[in-house]
Amino acid sequence: MKLYLLTIAFTLLSGFAFAQELPDIPEPQKDSATLALEKTNSAVLVEQVPNFPGGDNAFMTYVGRHINKPELVTLFGFKGRIVVGFTVGRSGLVKDIKAFSAGGLGYEDEVVSAISQSPAWKPGIQNGTPVDVKYTIPFTIDLPRAEIDILDLKRSSYRFTFQIKDKTYDIKQAEAILGSKFSSAKIDYIKTFLEQPEENKKQKAYLIQIKD
């Protein structure tokens, strides 16, 4: 499922350079996927901000169409905010793309990849000269999944084991304990995805932490 099929809100505040520091962004008022470019604290004022070909809405559409929902999100859902920064250089090319957050399920990589393939922008101008302009993208996603389907996990490209009350089980043993479907509220998402050893992530072998 492409992100552009979700609800995306986009605001570009013109006339300012954008800093890499994370902005103080209020929580969204409704369940949705929200993409916004917002002004951050910056002492730099530019006469003309960079312009994506076709304008702000075209940038929103471009990013959305180049983001695929990661497989882990399809399996487990995702609710959280990620933040990605980048610079529109003097040549109009995008550079210095980096994620300032980690959701653990792959959305940061998708956004970074999409922006890295961006066509050239019309660069920002200060005193008649092209200048670098930095942006921060706060990206809020609310794609909950109420139940986890063991059959979906078995069919996925990942290998899953489960830790239940300090004991480790393979997926068949976990199914006998949890059932063919179980509430996503039983999963400790931080331990399962954010604190997962890097070697496990590389091998696509995740230990699903079940809350006591």
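None of the values given here were measured: they were computed from a predicted structure.

## Concerning the overall build of the chain
- Looking only at helices and strands, the chain features 7 helices and 11 strands.
- Expressed as a percentage of its 212 residues, the buried residues of the chain come to 44%.
- Considering only contacts in the chain between residues 6 or more positions apart, those separated by 24 or more positions represent 76%.
- Looking at the chain as shown, the accessible area adds up to about 11300 Å², and 49% of this sits on carbon and sulfur atoms.

## Overview of the packing of aromatic side chains
- In total, this model carries 16 aromatic pairs according to the counting rule given.
- A ring pair is formed by phenylalanine 86 and tryptophan 121, whose centres lie 6.0 Å apart and whose planes are at 55°; its orientation type is tilted. Of the two residues, phenylalanine 86 sits in strand S2 (residues 78-88) while tryptophan 121 sits in the loop between helix H3 (107-116) and strand S4 (124-126), which places them 35 residues apart along the sequence.
- Since its relative accessible area comes to 6%, tryptophan 121 is described here as buried.

## As for the environment of isoleucine 115
- Among the structural elements, isoleucine 115 can be located in helix H3.
- Since its relative accessible area comes to 0%, isoleucine 115 is described here as buried.
- When neighbours within four sequence positions are excluded, isoleucine 115 is seen to be in contact with Val84, Phe86, Val94, Ile97 and Ile137.

## Structural notes on the environment of glycine 55
- Residue position: glycine 55 is located in the loop between strand S1 (34-35) and helix H1 (56-65).
- Separated by 66 residues in the primary sequence, glycine 55 and tryptophan 121 have C-alpha atoms spaced 9.5 Å apart.

## Here's the deal with the pattern of salt bridges
- Scanning the entire structure with this criterion turns up 6 salt bridges.
- Between aspartate 142 and lysine 79 there is a salt bridge; the shortest N-O distance is 3.9 Å. Taken together, the residues span a long stretch of sequence, with aspartate 142 in strand S6 (residues 133-143) and lysine 79 in strand S2 at a distance of 63 residues.
- The class for aspartate 142 is buried, based on a relative accessible area of 12%.

## Structural notes on the nonpolar core
- Of all hydrophobic cores here, the largest spans 47 residues; its most connected members are Phe76, Phe86, Tyr107, Leu153, Phe160 and Phe162.
- Broken down by element, this core gets its largest block of residues, 6 residues, from S6.
- Apart from residues no more than four positions distant in its own chain, tyrosine 107 is found in contact with Ile67, Asn68, Lys69, Pro70, Val73, Phe78, Ile82, Phe139, Ile141 and Leu143.

## What to know about helix H5 (residues 171-178)
- Listed in full, the buried residues belonging to H5 are Ile171, Ala174 and Leu178. The buried residues of H5 occupy an angular sector of 55° when the element is viewed end-on, so they sit on one face. Residues of H5 that are exposed and point more than 90 degrees away from the buried face comprise Lys172 and Ala176.
- Tucked into the core, H5 has its buried residues touching helix H4 (150-155), strand S8 (159-164), strand S9 (167-170), strand S10 (181-183) and strand S11 (205-210).
- Sitting at the head of H5, aspartate 170 places a side-chain oxygen 3.1 Å from the backbone nitrogen of lysine 172.
- Looking at the residues trailing H5, positive phi occurs at glycine 179, about 95°.

About the criteria used
- Residues numbered from 1 in each chain as written.
- Predicted model: local features only at pLDDT ≥ 70, side-chain atom pairs only at ≥ 80, totals over all residues.
- Heavy atoms only, no water.
- Helix = DSSP H or I, 4+ residues; strand = E, 2+ residues; numbered from the N terminus.
- Buried < 20%, exposed > 50% of the residue type's maximum accessible area, 1.4 Å probe, protein only.
- Contact = heavy atoms within 4.5 Å.
- Areas by Shrake-Rupley, 256 points an atom, 1.4 Å probe, with all protein chains shown as cover.
- Phe/Tyr/Trp six-rings, centres within 6.5 Å; stacked < 30°, edge-to-face > 60°.
- Salt bridge = Lys/Arg side-chain N within 4 Å of Asp/Glu carboxyl O.
- Core = buried A, V, L, I, M, F, W, Y, C linked by side-chain atoms within 4.5 Å.
- Arc of directions from axis to C-beta.
- Polar contact = N/O pair within 3.5 Å; in protein donor to acceptor, adjacent residues only side chain to side chain.

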